[in-house]
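Descriptive analysis of the structure
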Amino acid sequence: MAETLQVQLVSRCREPAHSKVPSSLFSVPISSTRYALSELVNVLLSLEPAVPFDFMIDGTFLRTTLEGYVLESKGTLSAETVLVIEYTEALARPQPDVLENQDDWIADLAIGATKFLPKAFQVKGKGGRKARANNALPFLASASYDGLVRIRPLREDGAYASDAAPLIAAGHKAAVKAVAVSGSTLVSAGRDHGVALYELDPTKPHARSTSKGVVLPSATGAHDDTVESVAFHPLGMTFITGAWDGKVQVYNASIAAAVEAAASSATAGGDDDDGRPAKRAKSGKAAASLADPAPLSPLITLEGHTGAVTTALFENFGDGTNALSASWDHSLRVWDVPSGANATIIATETAVLDIGLCSAPSSSATLTAHAGPVVRLWDFRTQDPASAKFKGHGGFVPAVAWMPGSAVHFATAAHDGKVRVWDIRSPSIPLYSVAVHSDKVFSLAWLSETVILTGSADCTVSRVVLGDGLSVQPMAVASNIDSE
Amino acid sequence: MVKKRKRSGDKASGGPGDKPGKAKGSAKGKGQNKPAAKGKAAKGKAAKGKAAKGKAAKGKAAWAEMVKKRKRSGDKASGGPGDKPGKAKGSAKGKGQNKPAAKGKAAKGKAAKGKAAKGKAAKDPKGPKGPKGRKGRKGASKRKRSGASSISSEEEEPAEDDESAAFAQWKMTTGTEIDDDGEVSGELASGSGSGSGSDDMVHEGGEEDFLEGMTGGVLGDEEEDVPRFAKTGAIAAPLSALKPGGDMFLRALRERTRAGYRSALDYGAPVETYASEKQLNFLSKRDKSSAGIVAESSDDESDDDMHSRNTLGKIPLEWYDEYDHLGYDLDGKPIAKTGSGMDTIDDYIARTDDPEYWRRVYDDATQQNITLSVKEMEMLRRMQKGQFGDMSFDPYEDWEPFFSRHKMMHPVYNKMPNKAAFVPSKWEARKVAKMVRKIRSGRVKPKNEVKAPEVFDAWADEDANQSLRTLNQLSAPKMQLPTNAESYNPPAEYVFDEEGKASSKAMPHGMRSLKPQKYSALRHVPAYKDFYRERYERCLDLTFCPRSRKVNSRVRIAKLLPKVPDPRELRPFPTRLSLTFRGHTSKVRSISVHPSGQYLLSGSNDGSVRLWEVATGRCLRKWSFAGETVVYCVEWSPAAATRACLAAVTTGSAIYIIAPLDIASPALRADTMAMLSSGLADLEVEGTFEHTKRPKRKSARDSDDESDNDDDDASTASSSVSGEDAPLDDDDVGASGKGPAADADLKPVRDQDAHQVPKAGHDRLKTARWEQTSARKVKQGVFLRIAMPSPVLSLAWHAKGDYLASVSPKAAGRNAVFIHQVSSKRSLTPFAGRGGFVQRIRWHPSKPLLFVATHSEIRVYNLTQQKLIRRLKVTGSYISDMVIHPGGDNVLVGSFDKFAMWYDLDYSSRPYKTFKYHKLAVRSVAYSPRYPLFATCSDDNTIQVFHGRVYADMLSSPLIVPVKILAGHKVVDSIGVIDITFHPTQPWIFSAGADGLINLFT
């Protein structure tokens, strides 16, 4: 084999100054690694100080030597062909920092943004009011095993915007297992089998705030067992829950409607012959008074799972009528929500703990995190949906989430306390593996393309800030994925 | 040489007249000299006599002999004999005198000829030797070299030599296929070449000699009886020239003649035969009648007179078709073709006039007309018929064998074998070397190449099989022959002296134990009596019980092992440690998974019971029983997810029924409360749970009710429990006082252990007593308490969740096993007596069967019939745990002596499989409720997971494959993994270790 390879360098850099590499062919030693190529580019660009670059060949990050890559390609490449190597700025190693120490395990995190801030959300410092006035301020809702949901405003960089006591949503008698936010509506679910609906905007009629800033739930729903997951429809009008009783339920997210329904059922004296089975259990406790939570009735109940449903969410692509659910019964189900029919069942090897839906436009790539050190990538539009496997975690992977707007990057959190950032073009090795927590990590949320917030069993909420450049989307790769 | 030859020929031709007499004389003399020369000699004489009679000149015995010997080839020389005999006779005489053994016939002719040749060829070194005439090979070879004479000499040589004479002759007779190995060569004789590598000169000379000899012979002949031979030559030539028919005829004639002679010679291989009188007669007659057959048959070379002689030799006449001449005369001038001298008219005239015309033929070669005689005609006619031409010739004549049955006074000859026969032949060696060289260089390949058979030989293996069969027969070993020491009559030095010592070192090593004894005769040997009988029996043995070779079957052990599927095909099964449930501070004795799979309950030596969330490892609740030091067993009700969310906990001498209602749905909560409340009225304790409901609900709302991770909370809870439950405390003071002994419970208890014996004088419970717990406890979810007469170590819920069986191994008699009914709050003791220490009790999942495991056996009771229906034998084991397969037909048993046993109830009461894979005591065994898995755990700190598939049909046996060994605990106090249980819905296994951890392997 030749000692050198002909390569052509193509820039995918965000920085224009980094793109000025001559398009001529270079002869590089086949033993070159990422470091050597990076040096080459630095010399070509005469950068000072040096900027580390990362290299992609045919949509895959170079993680071995060039020789290794050629050998791996098993004949599709030879030493004679000219390799087209794309390069981008390498990402800086992310540094985690602890945002908050809570009293109990953090079960779930949700990030929202609202213009309507309660008093507790007073942002200290300059520009706070301005920001509040003009933009929706991001906030973090953390669901804890102590039964509370704590809400804190965030800055753009992920740090807490205020040191004030968090806004507390106390709607559960037991641990809160899931929380979701849409607009000014927050929904939480927990081990007490209930679902709590909150209105965060104090100006709304059913919102109630106390002097302490505690938001009381305006309604509760009911499963027969621990509710593991709650997620809003992209439009925010409904939300979907999955619970240990194997049911997936879709609720109306309108608090007003819930209150009215509760009131009407109360006035009807527990008459539940209007065909709403979910009402039955709660009818006795339904109270017209707003002091007590009003019972929620599911719009529809999707039954079919034979094991605990760990995640249920609406698909963000298509016409928005499909829902996905994952369960301990080793299956992934796609539901047609209006009809309540189970459209697809996909068997998985192990119990699924979480589903990650890609928010990038025209991408239907879906990730599943499993009760095992495995994350799988699916594309439901193909015959054989399982397309890639990401291994490397220790223990369960309870959370997976795509980078907002990205079709190639995602992050996973695992029981080994680590958060890993992946690029689907590098399935064998994560881009980063950051030991964020000292205990199991349960939840993970992207604040932006560079900030990841995590909640863990070590009772902390942490922030991981990635470098820039991760959001670079090599168009070729994106189109590849689409075409698959 | 030619000239010499000629001259000698002339000489010879001149000579014959006087010599015959001599010859006769010599022959006679010989005969007289040697009486031993048998019939041959006699014949020779007779022949001689005849010859003498018939023709003075020719009729020598030698001549007759010669003729006979040389059938065809000899004829060449036939011309010659006439003159040579004279000399020959003399020599023969000499020889005869010299060697009495030389046969009469022998040799004279040859010797004579040889001498003649020698004499002529002055240079020939043979000369001096000739007279002696007896130098076998040397003389012969020399003669060979010397051309024409050699022909005769060769023929003679054998005769002169020993018995090879006959042989050589015989060879000659059989024709030209003479070997070139130096004996007699036909080729040589015909002058083609000398195989012997002598110099060219000699060789050429030899050839010329040959020709000359011919000529000379011819000349000599011609002198003798020209007319006859002329005739004969004439006959041969014209015959061959006859038109087609005639030609054919002539050829047939020749063939016939040859065949006749050949056959005659063949029959009478011994030369002597032909010396018979008839033969001689024939020959002489032929001579007389000038029948040219001999000459003819011996080719056309011998002719009579100069004019008529065929000068062409043996070439086709067609070659001269274009020429006017026909051959050449001696001076090299062409002989003009004269034709028959008759034109058509002459021919016509002759036909009409000449009465002989019809038997006149024209010979092209000699250009003569020949008139066939009457005899010749007759001969031709006969030959046409396929008979011998000569009427007087009898081809089937009897012959006298050379070796007769009569005893002879003297051997036929006493000549020593030829020395040359012992000398390796140089030429042969050269030839062999040449061949070897060729073979080595690859130019010649050995002929013995084995050709691949063209067709399949179906029976090719037949012999091989047979030989194999015979190979398997092992012959009896042969006994060694006795040595001196073993002899019945040993030499003196072997015999012991009086002191009993072997007198010498003669005694072979290894036979020192033998004590040689001397017997005067074999029959005095004591064993002699039975010897023949024993031998006979031995033979019988060997005959009827032949020994056969022991066939070692070549079987690979790996092939004998059952084919076990690859563990990878048997997935899923737990492979890695995924979660660790931390919280217990001491050994975790028992774990139980909620039927939904969401919660795990564990009991520990630290006296606490914990409720865990499986998916996260979160400890949700903790119950402490301060008065108790050990929680022996925790067990979820199988109906915990459906009808009554209950769990039973045994600690000390009490069983607690706990109901963590906060994990239950409202409906389940109500059902559970109904179950707990029913039958309370029958208890001595007044009241129901009604009054407790409110506080419980209230407490459930408190967040500090759950997640009592912190010790403070736990301690308050425990203290409250212990404080309010006086009976509990009273009953178990002994137990709590002997806390350290708790570990001993983990070890097999063979006898009543002192550690749980109540204090003396204490009022001891005689039976189980149901009690309602305090409000505080109810608030925590501990609803009922069953006070037991003795510590309960094991619990088993019935599948429906109403009955609970408890085992008190140390209790006496009937109190060892209780069955409690939760709905009615009653307990009963199903077994009256004790049949050993009960270790475990299990319910059949579907049938009303109860499995009771004592230390050494498993009894199966039918509860409806109330009788013992089966005993499963456990030999030599001390049962530690027992579980029933979810299907109900298989039982898995673990024992403290490292065994785990699988019983298939369809088979027998013996284990279907026994596993001895653990190095230390097996603590617990478990079946997976959903997957075909089971596992055993042991003090050696390992959990061994097996694939155990049970088939629904009755035909297949369970398939058991070990798939994984898991480890994740630490050994504490030489106790490893204490309890294991499978997840109800996942292929996961939980293990409780002595290190206070609970591990989840997925």
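Worth saying up front: this structure is predicted, and the values here are computed from it rather than measured.

Reading the values: the criteria
- Residues numbered from 1 in each chain as written.
- Chains lettered and ligands numbered in written order.
- Predicted model: local features only at pLDDT ≥ 70, side-chain atom pairs only at ≥ 80, totals over all residues.
- Helix = DSSP H or I, 4+ residues; strand = E, 2+ residues; numbered from the N terminus.
- Buried ≥ 20, exposed ≤ 12 C-beta atoms within 10 Å, placed from the backbone.
- Contact = placed C-beta atoms within 7 Å.
- Pairing = 2+ DSSP bridges.
- Axes fitted to C-alpha atoms, helices over the stretch in contact; angles between N-to-C directions.
- UniProt positions renumbered as here; feature names shortened; annotations may be inferred.
- Nonpolar A, V, L, I, M, F, W, Y, C, P; charged D, E, K, R; others polar.
- Core = buried A, V, L, I, M, F, W, Y, C linked by C-beta atoms within 7 Å.
- Domains from an automatic or database assignment.
- Expected span 1.5 Å × (residues − 1).
- Arc of directions from axis to C-beta.
- pLDDT = per-residue confidence, 0-100.

**Overview of the overall build of chain B**
- Per the secondary structure count, chain B includes 29 helices and 33 strands.
- Of all 1002 residues assigned to chain B, the portion counted as buried reaches 46%.
- In chain B, the proportion of contacts linking residues at least 24 apart, taken out of those at least 6 apart, comes to 60%.

**Topic: the overall build of chain A**
- Check the secondary structure of chain A and you find 6 helices and 35 strands.
- The buried share of chain A, reckoned over its 484 residues, is 51%.

**Some remarks on the pairing of strand E34 (residues 451-456) of chain A**
Residue and element names in this part refer to chain A.
- Taken across its 6 residues, E34 has 6 buried, putting it largely inside the fold.
- Bridge count between strand E33 (residues 441-446) and E34: 5 bridges; the pairing is antiparallel. Its bridge partner lying in E34, Ser443 is registered against Gly455.
- Once E33 ends, the chain turns through 4 residues before running back antiparallel as E34.
- Here E34 pairs with strand E35 (residues 460-465) via 5 bridges, running antiparallel.

**Observations regarding the sheet that holds E34(A)**
Residues and elements named next belong to chain A.
- Reading across the sheet, the 4 strands line up as E6-E35-E34-E33 and stay open at both edges, with antiparallel pairing between neighbours. The sheet is open, and its two edges are formed by strand E6 (95-101) and E33, each paired on a single side. In this sheet, adjacent strand axes meet at a mean angle of 25° when their direction is disregarded.
- Pairing of E6 with E35, which is carried by 6 bridges, proceeds in the antiparallel orientation. From the neighbouring strand, Asn101 faces E35, where its bridge partner is Thr460.

**Section: the UniProt feature "repeat: WD" (unreviewed entry) in chain A**
- The residues that UniProt annotates with the feature "repeat: WD" (unreviewed entry) are residues 220-261, 302-345 and 390-426 of chain A.
- Helix makes up 0% of residues 390-426 of chain A and strand 46%, and the two end C-alpha atoms of the span are 9 Å apart.

**Concerning the interface of chain A and chain B**
- In this assembly, 24 residues from chain A lie in contact with 19 residues from chain B.
- Class assignment of the residues belonging to the side of chain A that touches chain B gives a composition of 11 nonpolar, 7 polar and 6 charged.

**Examining the sheet that holds strand E32 (residues 432-435) of chain A**
Residue and element names in this part refer to chain A.
- Strand order across the open sheet formed by 4 strands is E29-E30-E31-E32, with antiparallel pairing between neighbours. Across the chains shown, the open sheet's two edge strands, defined by having one partner strand only, are strand E29 (399-402) and E32. Across the sheet, the mean angle separating the axes of adjacent strands is 15° when strand polarity is ignored.
- In this structure, E29 lies alongside strand E30 (residues 409-413), joined through 4 bridges in antiparallel fashion. Within E30, the residue paired with Ala399 across the bridge is Ala413.

**Points about the nonpolar core**
- Grouped together as the largest cluster of nonpolar side chains are 127 residues, with contacts concentrated most on B:Val891, B:Val893 and B:Ala935.
- No fewer than three residues from each of domain 3 (578-834) and domain 4 (838-1002) of chain B sit in this core.
- Among residues more than four places away in sequence, those in contact with B:Ala935 are B:Ala926, B:Ile943, B:Gln944, B:Val945, B:Phe946, B:Ile980 and B:Ile989.
- In terms of nonpolar packing, the next biggest core, distinct from the first, is built from 111 residues, A:Trp105, A:Ile151, A:Leu197 and A:Ala413 among them.

**A word on the environment of B:Arg568**
- With respect to the element layout, B:Arg568 can be found in the loop between helix H22 (557-560) and strand E5 (577-581).
- Sequence separation between B:Arg568 and B:Val963 is 395 residues; the distance between their C-alpha atoms is 8.4 Å.

**Focus on helix H23 (residues 666-677) of chain B**
All names here are of chain B.
- Counted at 1.5 Å a residue, the expected span for H23 with its 12 residues is 16 Å, and the 16 Å between its end C-alpha atoms agrees.
- For H23, the set of buried residues is Leu668, Thr672, Met673, Met675 and Leu676. The buried residues of H23 occupy an angular sector of 160° when projected down its axis, which confines them to one face. Facing away from the buried side of H23 by more than 90 degrees, the exposed set consists of Ala667 and Ala670.
- Contact partners of the buried residues in H23: strand E14 (782-787).
- Taken from the residues just after H23, Gly679 is the one with a positive phi, measuring 80°.

**Section: the pairing of strand E23 (residues 331-336) of chain A**
All names here are of chain A.
- Judged from the 5 bridges that link them, strand E22 (residues 322-327) and E23 form a sheet pairing that is antiparallel. Across the sheet, the residue bridging to Ala323 is Trp335, located in E23.
- Counting the residues in the hairpin turn of E22 and E23 gives 3 residues, including His330, whose phi is positive at 65°.
- Bridge count for E23 against strand E24 (residues 341-347) is 6 bridges, and the pairing is antiparallel. The residue bridging Arg333 from the neighbouring strand is Ile345, located in E24.

**Re the UniProt feature "repeat: WD" (unreviewed entry) in chain B**
- Listed under "repeat: WD" (unreviewed entry) in the UniProt record, and renumbered for this structure, are residues 581-622 and 915-946 of chain B.
- Between the end C-alpha atoms of residues 915-946 of chain B there is a gap of 10 Å, over a span that is 0% helix and 56% strand.

**Quick look at the confidence of the model for chain B**
All names here are of chain B.
- Here chain B averages 67 in pLDDT, and 56% of its residues register 70 or above.
- Per-residue pLDDT stays below 50 along residues 259-307; that stretch engages in 121 contacts with residues further than four places along the chain or on separate chains.
- In the predicted structure, residues 685-763 sits below a pLDDT of 50 and forms 113 contacts with residues beyond four places in sequence or in another chain.
- Scoring the predicted complex yields pTM 0.58 and, for the interface, ipTM 0.82.

**Side note on unusual backbone geometry**
- A cis geometry characterises the amide bond from A:Glu48 onward to A:Pro49, with omega recorded as 0°.
- Along the chain, A:Pro49 turns up in the loop between helix H1 (34-45) and strand E3 (53-57).
- The omega angle of the peptide bond from B:Arg571 to B:Pro572 is 0°, so this bond is cis rather than trans.
- Mapped onto the elements of the fold, B:Pro572 is located in the loop between H22 and E5.
- One non-glycine residue with positive phi stands out, namely B:Gln866, at about 55°.
- Mapped onto the elements, B:Gln866 comes out in the loop between strand E21 (857-862) and strand E22 (867-873).
- What makes B:Gln866 exposed here is the crowd of 9 C-beta atoms within 10 Å.

**Let's talk about the confidence of the model for chain A**
All names here are of chain A.
- Residues with a pLDDT of 70 or more make up 79% of chain A, whose mean pLDDT is 78.
- Here residues 125-133 is a poorly scored stretch, pLDDT under 50, and it has 6 contacts once near neighbours within four places are set aside; other chains count.
- Within the model, pLDDT remains below 50 along residues 471-484, and this stretch shows 28 contacts once partners closer than five positions in the same chain are excluded.

**Quick word on the environment of A:Val84**
Residue and element names in this part refer to chain A.
- By secondary structure assignment, the location of Val84 is in strand E5 (residues 82-89).
- Sequence separation of Val84 and Asp58 is 26 residues, and the distance between their C-alpha atoms is 7.6 Å.
- Sequence-distant contacts of Val84, that is, excluding residues within four places in its chain, are made with Gln8 and Val10.

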